[in-house]
Amino acid sequence: MLLPYLHKDQIEAGCDEAGRGCLAGAVFASAVILPPDFVCEELNDSKQLSEKQRNILRLLIEKEAIAWAIGIVSPQKIDQINILYASFLAMHRALDQLPVCPQHLLIDGNRFQKYKDIPYTTIIKGDGKYQSIAAASILAKTHRDEYMLRLHEEFPSYDWKNNKGYPTPKHRKAIELFGITPYHRKSFKLLPSVEELG
């Protein structure tokens, strides 16, 4: 079972991102504030769940959460500021949209850029330890997957409906054959033989 909170008497928001290691598409982040008495045994790190499980849990989280929001940073902005800072920015954008102001942030990972004056705790593999971070990982992942399915309609050759922009052999082969799209991150190593494009 995941932990319900770090500080019992504070409004905590869990934050996580999805799509950091992708070659294409925006990076998404989510911030989630769960009720202190929220219990869901199925809740886990989104990577440990099937697509079907994630989609069921997403509906539950969006219904039961005190507040939740999604932040998005475009591939162009990723190229401009790098993926680490783009991940922080996506989390900040999610936090900006929360209708309730958290008193403490639980961040998945080991680094973060301070948001306003809100204290935060970074937790390595936090999405497998705290409910609110696991919930944020599920929302970030499912919302990003939906977005990649829409991009797939526009550029079906890259197989984004299956790889969601990650560097699979099929995705890299398509880059080799057809070049890059406006959704590719030019600052990433898109092909083994090419250090940088653009």
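Above this text you will find the structure in question.
Treat the numbers as computed from the prediction; the structure is a model and nothing was measured.

J.: How should I be thinking about the overall build of the chain in this particular structure?
T.: Assigned secondary structure in the chain consists of six helices and five strands. Taken from the N to the C terminus, the helices and strands of the chain come in the order β-β-α-β-α-α-β-β-α-α-α. Relative to the globule expectation of 16 Å for 198 residues, the C-alpha radius of gyration of the chain, 17 Å, shows essentially globular dimensions. Its C-alpha atoms give the chain principal-axis dimensions of about 55 × 35 × 25 Å. Counting over 198 residues, the chain shows a buried share of 51%. For the chain, restricting intrachain contacts to residue pairs at least 6 apart in sequence, the fraction spanning at least 24 positions comes to 65%.

J.: Help me out: how do you make sense of the pattern of salt bridges in this one?
T.: A pair can form between side chains of opposite charge whenever their charged atoms are brought close. Applying the stated criterion across every chain yields a total of eight salt bridges. Between Asp45 and Lys47 there is a salt bridge, and its shortest N-O distance comes to 3.4 Å. Here Asp145 ties to Lys141 by a salt bridge, and the two come within 3.0 Å at their closest N and O atoms. Of the two residues, Asp145 and Lys141 are both situated in helix 4 (residues 131-154); the distance of four residues between them amounts to about one turn of the helix. Neither Asp145 nor Lys141 differs from the other in exposure class; each is buried.

J.: Looking at this model, I keep getting lost on the nonpolar core. Mind explaining?
T.: In summary, soluble globular proteins display a tendency toward joint burial of nonpolar side chains. Among the nonpolar cores identified, the biggest contains 55 residues, and Val32, Leu43, Ile61, Leu95, Leu98, Leu105 and Phe112 are the most heavily contacted of them. Mapped by element, the contributors of at least two residues to this core are strand 1 (12-18), strand 2 (27-33), helix 1 (51-64), strand 3 (67-73), helix 3 (83-96), strand 4 (104-108), helix 4 and helix 6 (169-178). What Val32 contacts, discounting residues up to four positions off in sequence, is Glu12, Ala13, Gly14, Ile61, Ala65, Ala67, Trp68, Ser132, Ala135, Ala136 and Leu139.

J.: Got a minute to help me understand unusual backbone geometry in this structure?
T.: Residues other than glycine predominantly adopt negative phi, and peptide bonds predominantly adopt the trans conformation. One non-glycine residue with positive phi stands out, namely Lys116, at about 50 degrees. Within the secondary structure, Lys116 sits in the loop between strand 4 and strand 5 (120-123). Overall, the relative accessible area of 59% leaves Lys116 in the exposed class. In this model, Lys164 sits at a positive phi of 55 degrees, which is unusual for a non-glycine residue. Considering the arrangement of structural elements, one finds Lys164 in the loop between helix 5 (160-163) and helix 6.

J.: What's the story with the packing of aromatic side chains in this structure? I'm lost.
T.: The relative placement of two aromatic rings is captured by the distance of their centres and the angle of their planes. In total, this model carries ten aromatic pairs according to the counting rule given. Between Phe112 and Tyr120, the aromatic rings sit 5.1 Å apart at their centres with planes inclined by 75 degrees, giving edge-to-face as the arrangement. Residue class for Phe112 comes out buried when judged on its relative accessible area of 10%. Residue classification places Tyr120 among the partly exposed residues on the basis of a relative accessible area of 32%. Judged by centre distance (5.3 Å) and plane angle (25 degrees), the ring pair of Tyr158 and Trp160 falls under stacked. Since its relative accessible area comes to 0%, Trp160 is described here as buried.

J.: What should I look at first to understand helix 4 in this one?
T.: Every α-helical turn comprises 3.6 residues, leaving residues that sit three or four positions apart pointing alike. End to end, helix 4 covers 35 Å across 24 residues, agreeing with the expected 34 Å (1.5 Å per residue, within 8%). Buried residues dominate helix 4, accounting for 19 of its 24 residues.

J.: Would you take a moment to explain the sheet that holds strand 3 for this structure?
T.: Strand pairs in the sheet, formed through backbone hydrogen bonds, run parallel or antiparallel to each other. Spatial strand order, 3-2-1-4-5: five strands in an open sheet with mixed pairing. A single partner strand is all that each edge strand has here, and the edge strands are strand 3 and strand 5. Neighbour-to-neighbour, the strand axes of this sheet turn through a mean angle of 20 degrees, independent of strand direction. Note: strand 4 against strand 5, four bridges, orientation parallel. Bridging across to strand 5, Leu106 finds its partner in Thr121. The strands touched by helix 3 within the sheet are strand 1, strand 2, strand 3 and strand 4, with strand 2 carrying the most contacts at an inclination of about 40 degrees.

Procedures and definitions
- Residues numbered from 1 in each chain as written.
- Predicted model: local features only at pLDDT ≥ 70, side-chain atom pairs only at ≥ 80, totals over all residues.
- Heavy atoms only, no water.
- Helix = DSSP H or I, 4+ residues; strand = E, 2+ residues; numbered from the N terminus.
- Rg over C-alpha atoms; globule rule 2.2 N^0.38 Å.
- Buried < 20%, exposed > 50% of the residue type's maximum accessible area, 1.4 Å probe, protein only.
- Contact = heavy atoms within 4.5 Å.
- Salt bridge = Lys/Arg side-chain N within 4 Å of Asp/Glu carboxyl O.
- Core = buried A, V, L, I, M, F, W, Y, C linked by side-chain atoms within 4.5 Å.
- Phe/Tyr/Trp six-rings, centres within 6.5 Å; stacked < 30°, edge-to-face > 60°.
- Expected span 1.5 Å × (residues − 1).
- Pairing = 2+ DSSP bridges.
- Axes fitted to C-alpha atoms, helices over the stretch in contact; angles between N-to-C directions.

In short, the description is geometric, and any link to function would need to be established separately.
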